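So the chains spell out like this:
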Amino acid sequence: MGISRRRALKLLGGIAPLAIAPKVFGRYSFQNDHTDHFMEELLNGPKSSSVKFNFNPDWKVLVGDATDASNKDFNDSSWDSRSLPYAWNENDAFKKDIAELSTGIAWYRKHFSIPASFKGHKIFLECEGLRQAGFFYLNGQLIGKSENGVMASGFDLTDYLFYGDKENVLAVKTDNSWDYRQQATGSRYQWNDKNFYANYGGLNKNLYLHIKPQVYQTLPLFSSLATTGIYIYGTNFDIPGSAAQVHVESEVKNESEADKSLYLEVLIKDLGGKQVARFLGKPTMVTRGSTAVLKADDLVKGLQFWSWGYGYLYDVQTTVKQGDSVVDTVTTRTGFRKTAFENGMIYLNDRVINIHGYAQRTTNEWPAIGNAVPAWLSDYSNGLMIESNANLVRWMHVTPWKQDVESCDRVGLMQAMPAGDSEGDVKDQRWVQRKELMRDAIIYNRNNPSIIFYECGNKGIIDSQMQEMKAIRDQFDPHGGRAIGSREMLDSQIAEYGGEMLYIDKSATKPLWEMEFSRDEGLRKYWDDYTPPYHKDGDGPLYRGKPAPEYNHNMQSHAIENVNRWYDYWKVRPGTGCRVSSGGVNIVFSDSNTHHRGQEVYRTSGEVDAMRIKKQNFFANQVMWDGWVDTEKQRIHIIGHWNYTEGTEKDIYVVSTAPKVALFLNGKSLGYGEQSKEFLFKFKNVKWAKGQLVARGYDKNNTAIVTHQLQTAGTPAALKLTLVDRPTAFLADGHDLQLLEVEVVDKEGNRCPTALNMIEFKLNGPALWKGGIAVGPGNYIGAKILPVEGGVNRVFIRATRQPGLISVAAVAEGLKSQTIQFESKPVTVINGLAKNLPSDGLNGQLTRGTTPETPSYVISRIPVEVSAARAGVNQQDAGKCYDDNEKSGWSNDGKIQTAWMEFTLEREAQLSAIDIKLNNFRTKQYPIAVKVEDTEVFRGLTERSLGYFSIEFPPTKGKKVMISLIGNAKTEDDIEGEVNGKKLGDGIKAAGSELKGSLGIIEVEFYEKPRL
């Protein structure tokens, strides 16, 4: 039923019609029953239930300081009008180096009214985060501050508000200075770092207003409100039986004038809204002024378990009751999954999963926008990781925004959640800050099933500090099924997982996975040496005075690098022994406005560019990663395009999971490719000819199992505009973004992959131009004229607060132009409050299906344990090279006559392989001989590697194995320096290791083939 204008005016406080008309009675206010329900809530107040309002619309913003801007009556009419989230320096994003991003003071002010019907309720502000510090003033009074630049904060507004017809003003002074110091201690925050944490200033995350009764379920905002909210978890999982014991714990605060006997009623609803469980807790007396935790649990059957690529989520409705009366109701969206971390492996829903994914900057930023994107765009970006067959994102350095956390829940992407760090251990106030941030982040995010790991540092910390962090986890999330650890921590007795930046580590106990592999860079603009603009692979600026080809790749070589690097982890995956690697994550997923080594002012290591257009290494990962451990789906991809000039002759590379690959040009076979690194196939000196290039993969029985083809596109003829698909309407909320793709196509509509045309855009309608990015002056940030690269580019259009028809025209010289039209839909905002939440309309994505019931790997090698060892010298250390500890090892004294070890195995075996991690594995090659009993099975030079060197030989029976140095070691030190100039070590410290006769063994393993 609609509400009359007269009644609404009266009940909302008698606001003058002319004043309220633009906000309440404009043509966008009463759209449907949803709007009527919204109005009813405002008129009558919440009905014994917590209500959450969107507080993002209609702010005023000033960049710079202003005297008295905290005062309620300050005149802000000349300030910019913005809707949140909004980073005031957004136009710097990807235009400036991270260290040059604009910093300083900015003010945000919001005018709003609270209906008289809300008087007597508790009213809280939730700010999901800001950068760096914010000081909050309500009606001229300082109500609180947030200083860490990462975590959400909350404020009790109840006693500071005006109700009815008297306006309220919330003013927030933000300061994103790089050198900001905590007011109480004078300490800087370690993570406020110019290399890693892109500085997009101001209120750059969502804000909400919570209306609650006097007895209410608290918010999970510990530092600011000293409350922990709701905690939901499962135990006693029965994965085959689709059941688990579901526990709900809700912190309740009684701010009424009477003691209350309260209990919890829990309803669980599935994706379709169907109730799947209802259960009750026991009554608890909550005295006035006190806080208590109400609990309830029950066995729930018929559960769909959250999994990789299966973002199945439930709405858990927790109702606090007194007798039959409802006191407060809150709905929490969560999911259920089982985890384990043992035997060097990670288990999800009883199935081993090998980590393959990305180390992504937590800002997850976009050109001309920064991090402050609408929620649908978070799902789009994170969903692309799933499409590339990534299963985990390791957010780097600081806790991710709640919007990204919830997005990963929906798309089915596991997360490693850090608290706050830069690089390096600290023991002063900054360590206290790190612990406080970890505590707050755990409490705030513990109901999000996609978080699998808590990361305590981007560098290793000492075990006593790890124990402090673990105690925080155990206090606030003891049942969440999350491992806590840090980068490195290989020999920690406390950490539950670890792993180095990019070296190969193995374990038979806690899982080790590598946290930043494939660190190379390359622009999407450059295909290869033979394609316009003919960038020679590796050409670019010097890095620290030396050529840096690894940071100036073309797409072809960058994709090949991804294959080479991933193979190092894949070959030591679960199933290859007792000690295994649990995989690794590639740095980064999307090009990032953080520290860089290539020619641009931003990092180009991404599998997609900054506008999330796919590079060739995206497809390489997609091929290699389609399986939990072993390959589960056959794939193939030809790296590159097939539009060259006459006379071009080049090597063609194909990435495939098939055992062998053949290439066909216009139906004629070019033979089989030369296989390397399991997944890469090279076809030498292929002469280009117009037409169709087909790669076909075959199994061991010569049956074709997978195909990919490239077709020569015709001459550029026209422009094509496409709206990137989204699940929600384009909203006129002043914040939403429309992502528009432009392509240069031939007369058949095929993209022209070598096109570099300049495109001019013309925008009409109620929208703002934000643009895109390309290589060139200022990276074309904000420009309405910019080029396509590889025949394609993308631009942003931002909504205003005015809905309506929008048109964008694209024009290029010599090409047929195109115009596209779309609408922005109205949004109801009443006196500064909106009911639609940023994530409305975004549902779980179930693309990969439920967790398979089959094993995820086949055992390919049987380990044979060592029972004893004899060494040429330093016998006391002989056991350290088979102790499952990557931080210890044996080394001789630098004399070649002592450079040997003899191993006695636990049993006689038909040995066929040895894996050995030699000291200085990345910089040294050792000439060695290996004998099984009296049979020499290897004589040669070891390879420099990121960890292990594998020796394979025909099965040889024996129980004793001798490994000896037969010549001088060769050293080549080309290890890159990190941002701080420090080089990664590649081994253990040992006396004499610099001498040519040195031999050091960190770990050695012996294998035989499985018995048939």
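Residues numbered from 1 in each chain as written. Predicted model: local features only at pLDDT ≥ 70, side-chain atom pairs only at ≥ 80, totals over all residues. Heavy atoms only, no water.

Under the annotation held in an unreviewed UniProt entry, the chain carries the name Glycosyl hydrolases family 2, sugar binding domain and is attributed to Arachidicoccus rhizosphaerae. In the Sequence similarities (unreviewed entry) part of its UniProt record, the chain is described as follows: "Belongs to the glycosyl hydrolase 2 family." (UniProt positions renumbered as here; feature names shortened; annotations may be inferred.)

**Q** Help me out: how do you make sense of the sheet that holds strand β32 (residues 660–665) in this one?
**A** Through backbone hydrogen bonds, the strands of a sheet pair up, either in parallel or in antiparallel fashion. Sheet architecture is open: 4 strands sit in the order β33-β32-β36-β37, paired in antiparallel fashion. Pairing within the sheet leaves two strands with one partner each, and these edge strands are β33 (668–672) and β37 (704–711). Direction aside, neighbouring strands of the sheet carry axes that sit 20° apart on average. Pairing of β32 with strand β36 (residues 692–698), which is carried by 6 bridges, proceeds in the antiparallel orientation. Following the sheet pairing, A662 is matched in β36 by R696. (Pairing = 2+ DSSP bridges. Helix = DSSP H or I, 4+ residues; strand = E, 2+ residues; numbered from the N terminus. Axes fitted to C-alpha atoms, helices over the stretch in contact; angles between N-to-C directions.)

**Q** Mind showing me how you'd approach the UniProt feature "domain: DUF4982" (unreviewed entry) in the chain here?
**A** On the UniProt side, "domain: DUF4982" (unreviewed entry) is annotated at positions that read residues 647–704 here. In residues 647–704, helix accounts for 0% and strand for 66%; the two terminal C-alpha atoms are 31 Å from one another.

**Q** Looking at this model, I keep getting lost on the packing of helix α9 (residues 555–570) against helix α10 (residues 616–624). Mind explaining?
**A** Between two packed helices, the angle of one axis relative to the other and the distance separating the axes together describe the packing. One can describe the packing of α9 onto α10 by two numbers: an axis separation of 8 Å at closest approach and a directional angle of 30°. When the axes of α9 and α10 are compared, the pair comes out roughly parallel. Viewed along their axes, α9 and α10 form a crossing whose handedness is right-handed. Note on element contacts: α10 touches α9 through Q616, N617, A620, N621 and M624, opposite M555, H558, A559, N562, V563 and W566. Across the contact of α9 with α10, the residue classes tally to 6 nonpolar, 5 polar and no charged. (Parallel < 35°, antiparallel > 145°, perpendicular 65-115°, else oblique. Left-handed = near helix turned anticlockwise from the far one by under 90°. Contact = heavy atoms within 4.5 Å. Nonpolar A, V, L, I, M, F, W, Y, C, P; charged D, E, K, R; others polar.)

**Q** What am I meant to see in helix α5 (residues 375–387) here?
**A** Since the α-helix packs 3.6 residues into each turn, any two residues three or four apart lie on the same face. With 13 residues, α5 extends 18 Å from end C-alpha to end C-alpha; this agrees with the ideal 18 Å at 1.5 Å per step. By the criterion of burial, α5 is predominantly enclosed, with 12 of the 13 residues buried. Those residues of α5 that sit buried are A375, W376, L377, S378, D379, Y380, S381, N382, G383, L384, M385 and I386. Looking at the buried residues of α5, the elements they touch are β23 (355–361), β24 (392–396), α6 (402–411), α10, β39 (737–745) and β43 (792–799). The positive-phi residue at the C-terminal boundary of α5 is N389, with phi of around 75°. (Expected span 1.5 Å × (residues − 1). Buried < 20%, exposed > 50% of the residue type's maximum accessible area, 1.4 Å probe, protein only.)

**Q** Any chance you could explain the sheet that holds strand β29 (residues 583–587) here in plain terms?
**A** Read across the sheet, 7 strands follow the order β27-β26-β25-β24-β23-β29-β28 without closing on themselves; strand pairing throughout is parallel. Both edges of this open sheet fall to β27 (483–485) and β28 (514–517), since each of them pairs with a single strand only. Taken pair by pair, the neighbouring strands of this sheet meet at an average axis angle of 25°, ignoring direction. As paired elements, β23 and β24 share 5 bridges and run parallel to each other.

**Q** Quick question: what am I supposed to make of the packing of aromatic side chains here?
**A** Aromatic ring pairs are reported here in terms of the distance separating the ring centres and the angle at which the planes meet. Under the criterion given, the structure shown has 42 aromatic pairs. Through successive ring pairs, a cluster of aromatic residues spans Y358, F517, W566, Y569, F589 and W625. Seen from the ring of W366, R612 lies directly overhead, with NZ or CZ sitting 3.9 Å from the centre. R861 extends its terminal NZ or CZ atom over the ring of Y1007, reaching a point 3.7 Å from the ring centre. (Phe/Tyr/Trp six-rings, centres within 6.5 Å; stacked < 30°, edge-to-face > 60°. Lys NZ or Arg CZ within 6 Å of the ring centre and 35° of its normal.)

**Q** Just checking my understanding: could you explain the pairing of strand β53 (residues 949–965) for this structure?
**A** Sheet faces and side chains relate simply in a regular strand, where the side chains alternate between the two faces. Looking at chain direction, strand β49 (residues 900–918) and β53 are connected through 12 bridges and run antiparallel. Across the sheet, residue T904 finds its bridge partner in β53, namely K960. In this structure, strand β51 (residues 927–932) lies alongside β53, joined through 5 bridges in antiparallel fashion. If you follow V932 over to β53, its bridge partner there is V961.

**Q** Just to check I follow, could you spell out the domain arrangement of the chain for this structure?
**A** A common measure of how large an interface is: the accessible area buried when the components associate. By domain assignment, the chain separates into domain 1 (33–214), domain 2 (230–334), domain 3 (343–354 + 394–596 + 604–631), domain 4 (649–700), domain 5 (718–827) and domain 6 (862–1008). Computed from C-alpha coordinates alone, the two centres of domain 2 and domain 3 are separated by 33 Å. Across the contact, 17 residues belong to domain 2 and 23 residues belong to domain 3. When the two sides are added together, the surface that domain 2 and domain 3 hide from each other amounts to roughly 1600 Å², 58% of it contributed by carbon and sulfur. Considering only the surface of domain 2 that becomes buried against domain 3, Y231, W306 and W308 emerge as the three largest contributors, covering 49% of it. For the pair domain 2 and domain 3, the interface holds 0 salt bridges. Where domain 2 packs against domain 3, one counts 9 residue pairs in polar contact (both at pLDDT 80 or more). Secondary structure elements with two or more residues in the side of domain 2 that touches domain 3: β12 (230–238) and β19 (325–334). A per-class count over the side of domain 2 that touches domain 3 returns 10 nonpolar, 6 polar and 1 charged. (Domains from an automatic or database assignment. Buried area = accessible area lost by both parts, 1.4 Å probe. Salt bridge = Lys/Arg side-chain N within 4 Å of Asp/Glu carboxyl O. Polar contact = N/O pair within 3.5 Å; in protein donor to acceptor, adjacent residues only side chain to side chain.)

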